[in-house]
Amino acid sequence: MAVLRLLTVGSMYPPHHQGGYEVVWRAFVRAARAAGHEVVVLASDHREPAAAGLPDDPGVHRDLPWWWRDHAFPRRSLPARLAIERRAARVFDAAVREHRPELVMWWAMGGMPLGLVARGARAGLPAVGVVHDAWPAYGPQVDQRVLSRPLDPGAVEAWSVNSAWLRDALVALPGWGAVAGRIRVDHPGIDPGRFAPVAAPAWRWRLLCVGRVEPRKGLAHAIDALAELPPEATLDIVGGGDEAHAAQLRAQADRLGLGERVYLRGPVADVPGAYAEADAVLFPVTWDEPFGLVPLEAMAVGRPVVGSATGGAREVLRDGDNALVVAPGDAAGLAQGVRRLAADEALRERLREGGAGTAATFTEQRFTAALLELVSAAGARRPRAGR
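Residues numbered from 1 in each chain as written. Predicted model: local features only at pLDDT ≥ 70, side-chain atom pairs only at ≥ 80, totals over all residues. Heavy atoms only, no water.

Asker: What should I look at first to understand the sheet that holds strand β1 (residues 5–9) in this one?
Answerer: Strand pairing in a sheet relies on backbone hydrogen bonds. The paired strands run either parallel or antiparallel. The strand order across the open sheet formed by seven strands is β3-β2-β1-β4-β5-β6-β7, and the pairing between neighbours is parallel. Unpaired on one side and paired on the other, β3 (60–64) and β7 (183–185) mark the two borders of the sheet. Within this sheet the neighbouring strands show an average axis-to-axis angle of 25°, counted without direction. Here four bridges tie strand β2 (residues 38–44) to β3, and the two strands are oriented parallel to one another. Counterpart to A43 in the pairing with β3 is R62. Most of the contacts of helix α12 (residues 364–379) go to strand β4 (residues 103–106), to which it runs at about 135°, and overall it touches β1, β4, β5 (127–131), β6 (158–161) and β7. (Pairing = 2+ DSSP bridges. Helix = DSSP H or I, 4+ residues; strand = E, 2+ residues; numbered from the N terminus. Axes fitted to C-alpha atoms, helices over the stretch in contact; angles between N-to-C directions. Contact = heavy atoms within 4.5 Å.)

Here's what the structure looks like:
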């Protein structure tokens, strides 16, 4: 395998991040470096307060502008839009001059100035796009470009997506059907060394939700479900995100008389430990999320999952085998699933066994190996002339 100089580009990169997409990006960067590749990370200038003071990995540059602000994409004035576009171009061009990459990888580009993709193509750089949310669909809608070209999927040699659901969604977009042959599915996975089995304690009615705090995660339905469970049941919510929504969830818990049974922990360092302390994990997502690592993490630790199989989760969750599946938004169904688990140790054990088998097939190592093969194949092609 030829050693390459890689420039990886996206919005947020750990420790400044809010979800699994960025964690997967970092896992790939570390694997690529371990394989001998030289890797530079070019991310936005966004900073997460919870990550203040945490050290960066080497080779991380946080200089790109981002249209996103406070969980929205506010419309800016024409001079402001031009300034952002030109600044993004300057930062990207400087990175190309300094690091002389042989291949560029586009990661979480939602809300980023998408003209950078065409700019990389004009510089003759082969490219790989790694898409773990639907930014090719919503990104052009929130992009406030003035001078740059629109996103052209043909400017990228290969696209890796995290689920068959997302592949089908991309192919349905205008212009993407022509590059359907370049889109492949590489399911991400978990690190078995970090998320390892932990013996299950006796049932204590301790429930857990993990992930970004935002309305589409269905956390309000998990709180509604808690209201239907015995008074000893508690719900921990682990993850950062939208503080306004977090306040809504606290108010909802207080309104239902659950204020002392719902704990919004925010981001925690020991996520595997949070799973180990739970009896079951709720995954109440209400939108078609392209993929979700939370069920896999729970399965790897040995905690049964009750949740909705939307989007890419349909490719992982199997009702009665490795999870209990309920309809999106069905708080009563979530509560019923938890009551079934509480009453049936044999069911819990069956789901733990099925989940362990599932988690073993979705590993971080398998994902990064597949992506390294894709990068090597793309990098082996002759660099193109400017487009």
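Asker: Would you mind showing me how to read the layout of surface pockets here?
Answerer: Rolled over the atoms, a probe with the dimensions of a water molecule shows which regions are left empty. The space that makes up the second largest pocket amounts to roughly 190 Å³. In terms of lining residues, the second largest pocket is bounded by 13 residues, among which E85, A89, R119, L147 and S148 are the most central. Within the residue set of the lining of the second largest pocket, elements represented by two or more residues are α2 (78–99) and α3 (115–122). (1 Å grid on protein atoms, 1.4 Å probe; cavity = no way out; pocket = protein on both sides within 12 Å on 5 of 7 lines; lining within 4 Å. Points joined across faces, edges and corners; volume = space filled by probe spheres on them.)

Asker: Which parts of the structure should I look at to understand empty space enclosed by the protein?
Answerer: Applying the stated criterion to the full structure yields four cavities of 30 Å³ or more. By volume, the largest cavity amounts to about 70 Å³. Residue lining of the largest cavity: C209, V210, G211, R212, K217, L219, L282, F283, P284, V285 and V294, and that is the complete set. When contributions to the lining of the largest cavity are tallied by element, the ones reaching two or more residues are β8 (206–210) and β11 (280–283).

Asker: Before we go on, may I ask you to explain the nonpolar core in this structure?
Answerer: Here is a general trend for soluble globular proteins: nonpolar side chains tend to be buried in one another's company. Counting 89 residues, the largest nonpolar core has F92, M105, W106 and Y275 as the members making the most contacts within it. Counting 31 residues, the second-largest nonpolar core is a separate cluster that includes C209, A246, V306 and L347. (Core = buried A, V, L, I, M, F, W, Y, C linked by side-chain atoms within 4.5 Å. Buried < 20%, exposed > 50% of the residue type's maximum accessible area, 1.4 Å probe, protein only.)

Asker: Could you clarify how one ought to interpret the pattern of salt bridges in this entry?
Answerer: Any two side chains of opposite charge can pair if their charged atoms end up close together. This model, assessed by the stated rule, comprises 17 salt bridges. The salt bridge involving D168 is made with R167; its shortest N-O contact spans 3.4 Å. Among the salt bridges present, the one from R212 reaches E214, with a minimum N-O distance of 3.1 Å. Side by side, R212 and E214 carry an identical accessibility label, which is buried. (Salt bridge = Lys/Arg side-chain N within 4 Å of Asp/Glu carboxyl O.)

Asker: Would you take a moment to explain the sheet that holds β11 for this structure?
Answerer: The strand order β10-β9-β8-β11-β12-β13 describes an open sheet built from six strands, whose pairing is parallel. With one partner strand each, in any of the chains shown, β10 (262–266) and β13 (324–326) form the two edges of the open sheet. Looking at each pair of strands side by side, their axes are set apart by 20° on average, direction ignored. Where β8 lies against β11, two bridges are found, and the strand directions are parallel. Bridge pairing links L207 to A280 in β11. Relative to the sheet, helix α6 (residues 219–227) contacts β8, β9 (234–238), β10 and β11, its axis offset from that of β9 by approximately 165°.

Remember, this is a structural readout, not a statement about activity or role.
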